[in-house]
Structures are given as structure tokens and as C-alpha cells.
There are 4 protein chains.
Amino acid sequence: MTNKPRVLIPVALALASLGSAASATVVNQAISEAEVLQAQKAWCKALVDISQTHATSGQAAAKALAEKVIDGAYGYQMGAVLFKPTLTVAPQTFRTTRAGALAYFVGGDAAFPKDTGFALKGWTQCESKNAAVFISGDSATTMGNVMITDKSGKVTTVDKTWKFVKDDAGKLRIVVHHSSLPYTAS
Amino acid sequence: MTNKPRVLIPVALALASLGSAASATVVNQAISEAEVLQAQKAWCKALVDISQTHATSGQAAAKALAEKVIDGAYGYQMGAVLFKPTLTVAPQTFRTTRAGALAYFVGGDAAFPKDTGFALKGWTQCESKNAAVFISGDSATTMGNVMITDKSGKVTTVDKTWKFVKDDAGKLRIVVHHSSLPYTAS
Amino acid sequence: MTNKPRVLIPVALALASLGSAASATVVNQAISEAEVLQAQKAWCKALVDISQTHATSGQAAAKALAEKVIDGAYGYQMGAVLFKPTLTVAPQTFRTTRAGALAYFVGGDAAFPKDTGFALKGWTQCESKNAAVFISGDSATTMGNVMITDKSGKVTTVDKTWKFVKDDAGKLRIVVHHSSLPYTAS
Amino acid sequence: MTNKPRVLIPVALALASLGSAASATVVNQAISEAEVLQAQKAWCKALVDISQTHATSGQAAAKALAEKVIDGAYGYQMGAVLFKPTLTVAPQTFRTTRAGALAYFVGGDAAFPKDTGFALKGWTQCESKNAAVFISGDSATTMGNVMITDKSGKVTTVDKTWKFVKDDAGKLRIVVHHSSLPYTAS
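Residues numbered from 1 in each chain as written. Chains lettered and ligands numbered in written order. Predicted model: local features only at pLDDT ≥ 70, side-chain atom pairs only at ≥ 80, totals over all residues. Heavy atoms only, no water.

(A) Structural view of the overall build of chain A. A count of helices and strands for chain A gives 4 helices and 6 strands. Secondary structure elements of chain A occur, N-terminal to C-terminal, as α-β-α-α-β-α-β-β-β-β. Looking at chain A as a whole, 51% of its 186 residues are labelled buried. A separation of at least 24 residues holds for 47% of the contacts in chain A among residues at least 6 apart in sequence. Accessible area of chain A: about 8,300 Å², with a carbon and sulfur share of 59%. (Helix = DSSP H or I, 4+ residues; strand = E, 2+ residues; numbered from the N terminus. Buried < 20%, exposed > 50% of the residue type's maximum accessible area, 1.4 Å probe, protein only. Contact = heavy atoms within 4.5 Å. Areas by Shrake-Rupley, 256 points an atom, 1.4 Å probe, with all protein chains shown as cover.)

Okay, structure coming up:
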């Protein structure tokens, strides 16, 4: 037992001599691909959840949930989100404000008279499939397809770009969201 | 003349007491809004230039110019660009490679059989109008409209998102480009 | 005078034809040099304030103020701050925790027995003079001197590096702080 | 065998239903901890290499190597490096230019008359030991000790902060370097 200190000291020295970072505190705020995929899945789940809430509990409940989703997953509190939803038209194509996003998802806002509530359309499934993911600096951007399925089983595919940044709490937030229907030659 | 030192010393102290950074070397790699607007104008000019080169000198000359534009203004050398051009369709919607971008702009690539050369369509004018600009960390993202005019004076408006990063030489490069025709209710 | 409208209209068109972003929402999270200089001045002011609070109201009041300063100006809530204060020694040279920073500034923590409270030393003035400022991506880093003056008028100069990031509320926070006495050949 | 298509189709659907990014192109420019540790080791190796080159081939050869090291591992081409070497004194404490860094490492520059060449002092070993590593946005910063050993076996420990950014070629470059001898109460 008296040998124990002798053994421990060289071990400690050996570790130190590796220039080891074993004991270093590491704060890593970089965005990982896994976090990106998780944020995309969460967006899809939220869309279906709002649809289901609408079906079971009505528009007011769906709106309350949509507000929670927008406040939790988008970055409107940063000043603006660059949001081009799939179905909006000029002069209200771009929904850079929270109110514009909420109107798009659940409708019922006289200031956005053409919005009937995209998230209320009875979506039952939603999946994303990335063509590419670009992680750089403080952000991660994805481009690819999102496939959403309605009650009848019909699948709508959109082309979608999302840019995420990580907030102070470590949560990814959408700061750019461009969604469009695939081009069809007329 | 003997007063000069007395005058100079307090001046020097006064400057120092401001905690002045007057003599500090400042390296500022942040992206300014002016740089973003300039990069957008350069993209527009390049589109018209390629069209004009095509009209006056043929496809080979237009292709050579397009290659120069892509290499100078996009970030393909970083590994990929998240590029969804206006008119592409599945399964070649996303042009994450340089070859895919070049084919879209000037056509003539058997690997992209549906590409007829978007930049060869005789564009005479191009302007961008941002709905929002978001500058954060190492990137700047814009969302808005780009209006392009053909020889007959017909204007096509697209919804467009661009994300720029600054390369080591200080030049903005497009790493994300999502372009889509406005939604039209069917 | 009747020409005025004719003049104005082309001007308006000319502006529009520049692809003007006049009406665009701009969110710019880049750190400006002015923000950096302001954060440095705030650090200096806080140091003097803690000293004065200590002199007038005692250590407990100084400690309470120091806690407020640390929580408001450093980034410990991000997981760690890379803080090497001027006067610390091994094995407690690096104060990566909030407790370590607080002990350094105001002492009175048995876990940091050598700390007597750097901010309690009766500082009356503090100025920073940058040799260089480097703004890049999400951070700004400064290197230069900070000159602090005690009650007797004696000035101590330190070599100091600060790295600031901007938090979600738009406030600069210190995430790196390396301070050292100038080298003196022995 | 006729079942094969039936089997394959569900498999393809199953994969798609995972929202799989399996085939996505991923560009990830984030800095990893491993890259940081590697860059630190490279710095240490370069210091010892310059010392050995000096011993075997003279100052000119050491200087040529130091130039290569500075150009490869620092970011002077970005406009400045925030470099406070261990042994410099006012008014040349901060070496924000390449010339100042080179003079510090190998001496022989009349513009920096106090520099005798830090890297020429016969260093035989060099190791770094991080107290903390902070990775955020486009940079990684480390703080800790570096232990350098001379020919006689004497170890000098310095407190060191490094900030690295990744250049367009994917290589980490030092843009901030603050090195200081440990504080010793006088």
C-alpha cells in the first residue's frame, strides 16, 4: 500500500506529458449534423401536431400550439426571419415577422387575408430528405425535399432551404426558411 | 517655441485618456450590407453579360464566361453549394456541384439533359429587391425578389434566397442559392 | 417649376433600378468596433466602481456588485470563460468558473486562498489602449494595454487580450480574458 | 424471385421514411477539438524544429524555416495577428505584423533591436496543456500552459492563449496568441 503514491505520481506525469486535454474544460458551440437532423424532425413533428390539434381541438388550440412552435423553433426574436412559405403570394410573399408566420400556419388574421392556415390542412406525415448540408461558422444550412402527406395519403413534395443558428440556450433556431413547389414546365 | 513640448504633452495625454483606439490596427472581416448589395448587383450583371456574350459570340464563349462567373462568385471549391435553380426538376433539382451549376446556366451537358441554358435566354436587365437581409457570424443571407427582363421587355420575377460568406481574399461567395417562381394558385 | 415632377420621377426610378434595399428589413448581428470600445470602457468603469463600492460600503457590497458585473459582462453561463487574471498563480492560474472569477475580483473565498480581491485595491482610473482589434465571424478580439491607477496615482499597465461574443440580447460578453504584467528581464 | 421488387420497394420507402441524410452532401467547416490539439502540437514541433535547424544549419536556415512556419500557421495575410510573445517589452510588446513575429522568433532585425531570437534558444521539447477550449462560430480558442524544455533539461512554463480560425484550405491559423510568464509575487 505504501507504493500507491509512487505509482500514482508517474501516471499523473505520464498523462501530463501527453499534452493531454483530458482535464480541459471544453465548450463546443459548433452545430453538429445530428442537431440539424433533429431540428428538421422537430419541425415535421410540429406541423403534424398542429394539424392534429386542429382536428381534435379546433383552430384556437392549433393557434396556441403554433405560437409555441414559432417561438421555440424560429428566430423572430432576433429581429426577423427570412421566411418564404410555400404558398404565399405578393405582396405578402415574405413573412419576416412573427405575425406573418403565424398567419401562414393557422390563418385567421385579417391582415393576411389570403392565409387559410397551411398547418391546418390535415397533415399526417412529414419527412425531410437533404440534398446537402453546409455547416459553417455559427450556422448550418440545409437544402432538399420535404414530403408531407395529407389524410388521403397524397404526398406533396416541396423544395426547402433552412438556415439554423444556435441560440444562447444551445437550441437551433430557424432564421431562414425558403419553401417552394417544384417547378413544372408549363 | 519653448511651449511646444508643454502643448504636445497634454494633447498626447488627452488622446490616451480617451482610451483611444486611434492607432490600433483593425481587421474587420464582418460582412457589410453594402458588400451584400454589391454582390447581388454583380450576380445580376453576370447574368446579363452571359446572355449578351451568347448573342454576340456563341455558346462556347458564354460557357467560358459562365465558368469564370461560377468560379468567382460561388463557393463550389468549399465542397458544395446549396443551389436550387429556378427551373430545375427532379431528380436533378439541386445543383450541389459546379458541373450542375454550369449546365443550368449554359446547357450543353449530356449529364443534365433537361438544361437548355438559363443564362442564354437573352436577358437584358436584372435587379434584386430584398425583403430582408440577415447578417450574422460569418455569413449574410438575403431573401427577396429578382426581376429579370428578356429581349421583348417581359419581366420575370423570382423569389430568391442567397447566403454569402466572405472568402480569405475578402470576396463574398454564394454558398446557398434557392430560386423559385412565385406560387400561383392552380 | 413644372419640371419638378419630371425630375423626381426619374430619380425615383433610378433608385429603384439600383436594386435598392431601402425598404428591406436588415438584421445585422456583426460586432462593430464601437461596440468593442464601449465594452472595454464598461469593464474599466466596473473595476473602478467595485473599488469605490468597497471603500464606501464594504466587501459584501463590493462582492454583490462584482457578481452583477460578472453575470452581465462575462460568458460563464455558456459553460466556461477562458480567464487568466493578472495575478493568479498555479494551480489556480486559470479561472474558468464564475466562482474563480468572483474570488479573484473580491476575495473572501476559502477555495481560492491566495485571492485578496484584485478589484478591492482602490483603483481610481482605468483605461484601455488597443494595439489591434480583430473582428471575425461571431467574435471580436482585442489586444493591447490596460492602465489602472490606484489611490496614490500609481499606474499599473497590463498586457491584455479580450475576446467578445454577442449574446442573444445583443450584448457583448467576454469569453476570453488573458491579462499579464509586462515582461521584465530579470 | 418475383418477390424481389416487393421487398425492395418497402426497403426504399423505409429508408426514405427515416428522413435519411445518408446520401446528402455534407460540408462541415466547424473546428473540432482534435484539429485544435493537432495545431497546438504542430506549433510545438515547429519551435523545436527551428531550434534544431539553428543548431545544425545556422541562423539563415532557421530564419527560412521560421518564415515558412509563420506563413503556414499564423494569419498575418488576413491583415494582422494579435500576438503578444512571452518576452517582448514596450514599445514593441505587440507583434501585429509578420516582420515583428519573425524578429521575435529568430532575431537579426535591426527594427526590433531587443529581439535575440526566442526560437533559437535550443529548445528540445514543447508540450501544451489546455485548461479550457472554447469552440464557437468560426473560431476555437484555447487557454492553458505550454512547457518548453531547453538543452539542459530546464522547463519553462508559460501561460498561453491561442485563437485559431480555419482558412479556405481547411487549415487552422493562429489569429491571436498571448503568451506570458506566470505571475510571481515580488
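Still to come is the rest of the account.
(B) Layout of the relation of the copies chain C and chain D. For the pair chain C and chain D, the best superposition has an RMSD of 0.0 Å and corresponds to a rotation of 180° with a translation of 0.0 Å parallel to the axis. These values place the two chain copies in the arrangement generated by a two-fold rotation axis. Of all interface residues in chain C, 100% are interface residues in chain D too; the two copies therefore contact each other through one and the same surface. (Least-squares fit on C-alpha atoms with pLDDT ≥ 70 in both.)

(C) The packing of aromatic side chains, seen in detail. Residues and elements named next belong to chain A. Under the defined criterion, the tally for this structure stands at 40 aromatic pairs over all chains. Seen from their ring centres, F118 and W123 are 5.4 Å apart, and the 40° between their planes marks the pair as tilted. Its relative accessible area of 9% is what places F118 among the buried residues. With relative accessibility at 7%, the residue W123 sits in the buried group. (Phe/Tyr/Trp six-rings, centres within 6.5 Å; stacked < 30°, edge-to-face > 60°.)

(D) Structural detail: the interface of chain A and chain B. Residue-level contacts link 35 residues of chain A with 35 residues of chain B. Among the residues of chain A in contact with chain B, F134, M143 and Y183 of chain A are the three that bury the most area, contributing 26% of the side total. Scanning the region where chain A abuts chain B turns up 0 salt bridges. Applying the counting criterion to the chain A and chain B interface returns 10 residue pairs in polar contact (both at pLDDT 80 or more). Broken down by secondary-structure element, the contributors of at least two residues to the side of chain A that touches chain B are β2 (82-84), β3 (125-136), β4 (139-149), β5 (155-166) and β6 (172-180) of chain A. In terms of residues, the side of chain A that touches chain B owes the most to one element, β4 of chain A, which gives 6 residues. For the side of chain A that touches chain B, a count of residues per class yields 15 nonpolar, 15 polar and 5 charged. (Buried area = accessible area lost by both parts, 1.4 Å probe. Salt bridge = Lys/Arg side-chain N within 4 Å of Asp/Glu carboxyl O. Polar contact = N/O pair within 3.5 Å; in protein donor to acceptor, adjacent residues only side chain to side chain. Nonpolar A, V, L, I, M, F, W, Y, C, P; charged D, E, K, R; others polar.)

(E) Fine view of the interface of chain C and chain D. With 35 residues of chain C in contact, the opposing surface of chain D contributes 35 residues. Both faces combined, the contact of chain C with chain D buries some 2,800 Å², and carbon together with sulfur accounts for 71% of it. Among the residues of chain C in contact with chain D, F134, M143 and Y183 of chain C are the three that bury the most area, contributing 25% of the side total. Counting the contacts that link chain C with chain D gives 0 salt bridges. On the surface where chain C and chain D come into contact, there are 10 residue pairs in polar contact (both at pLDDT 80 or more). Looking at the side of chain C that touches chain D, the elements with two or more residues in it are β2 (82-84), β3 (125-136), β4 (139-149), β5 (155-166) and β6 (172-180) of chain C. Tallied by class, the residues present in the side of chain C that touches chain D amount to 15 nonpolar, 15 polar and 5 charged.

(F) Structural view of the pattern of salt bridges. All names here are of chain B. Considering all chains together, one arrives at 24 salt bridges over all chains under this definition. We note a salt bridge from D71 to R98, for which the minimum N-O separation is 2.7 Å. Residue D71 is located in helix α3 (residues 59-73), and its partner R98 is located in helix α4 (residues 98-106); the two are separated by 27 residues in the primary sequence. Judged by its relative accessible area of 38%, D71 falls in the partly exposed class. Residue class for R98 comes out partly exposed when judged on its relative accessible area of 29%.

(G) The environment of Q59 of chain A, seen in detail. Residue and element names in this part refer to chain A. Inspection of the secondary structure assignment puts Q59 in helix α3 (residues 59-73). For Q59, a relative accessible area of 31% translates into the label partly exposed. In sequence terms Q59 and V106 are 47 residues apart; their C-alpha atoms lie 7.3 Å from each other. Setting aside anything within four residues of it in sequence, one finds Q59 in contact with H54, V106, G107, G108 and L120. Side-chain polar atoms of Q59 contact the backbone oxygen of V106, separated by 2.9 Å.

(H) Just helix α3 (residues 59-73) of chain D, in detail. Residues and elements named next belong to chain D. Counted at 1.5 Å a residue, the expected span for α3 with its 15 residues is 21 Å, and the 20 Å between its end C-alpha atoms agrees. All buried positions along α3 are accounted for by A62, A66 and I70. The buried residues of α3 occupy one face: seen down the axis, they fall within an arc of 70°. Exposed and oriented more than 90 degrees from the buried face of α3 are A60 and K68. The inward-facing, buried residues of α3 abut α2 (33-57) and α4 (98-106). (Expected span 1.5 Å × (residues − 1). Arc of directions from axis to C-beta.)

(I) Quick look at the side chain of T88 of chain D. If you trace the backbone, T88 of chain D turns up in the loop between β2 (82-84) and α4. Within the structure, T88 of chain D has its side chain in polar contact with the backbone oxygen of T93 of chain D (distance 2.7 Å). Apart from the residues lying within four places of it in its own chain, the contact partners of T88 of chain D are Y183 of chain C together with T93, R95 and Y104 of chain D.

(J) The sheet that holds strand β4 (residues 139-149) of chain D, seen in detail. Taken in spatial order, the 6 strands make up an open sheet running β1(A)-β3(D)-β4(D)-β5(D)-β6(D)-β2(D), and their pairing is mixed. Looking at the sheet topology across the chains shown, the edges are occupied by β1 (25-28) of chain A together with β2 of chain D. When strand polarity is set aside, the average angle formed by the axes of neighbouring strands in this sheet is 30°. Examined bridge by bridge, strand β3 (residues 125-136) of chain D and β4 of chain D share 11 bridges and lie antiparallel to one another. Bridge assignment links A132 of chain D to a residue of β4 of chain D, and that residue is M143 of chain D. (Pairing = 2+ DSSP bridges. Axes fitted to C-alpha atoms, helices over the stretch in contact; angles between N-to-C directions.)

(K) Just the relation of the copies chain A and chain B, in detail. Structural alignment of chain A on chain B gives an RMSD of 0.0 Å, achieved by rotating through 180° and translating 0.0 Å along the axis. Interface overlap between copies: 100% of the residues of chain A at the interface are likewise at the interface in chain B, consistent with a symmetric, same-surface contact.

(L) Examining the state of the cysteines more closely. All names here are of chain B. Counted according to the given criterion, the structure contains 4 disulfides over all chains. The side chain of C44 participates in a disulfide bridge whose partner is C126; the two sulfur atoms lie 2.0 Å from each other. Note on the C44 and C126 pair: the S-S dihedral is about -55°, so by sign convention the disulfide is left-handed. A residue pair is termed long-range when its members are at least 10 positions apart, and C44 in helix α2 (residues 33-57) and C126 in strand β3 (residues 125-136) qualify at 82 residues. C126 carries the same exposure label as C44, and that label is buried. (Disulfide = S-S within 2.5 Å.)

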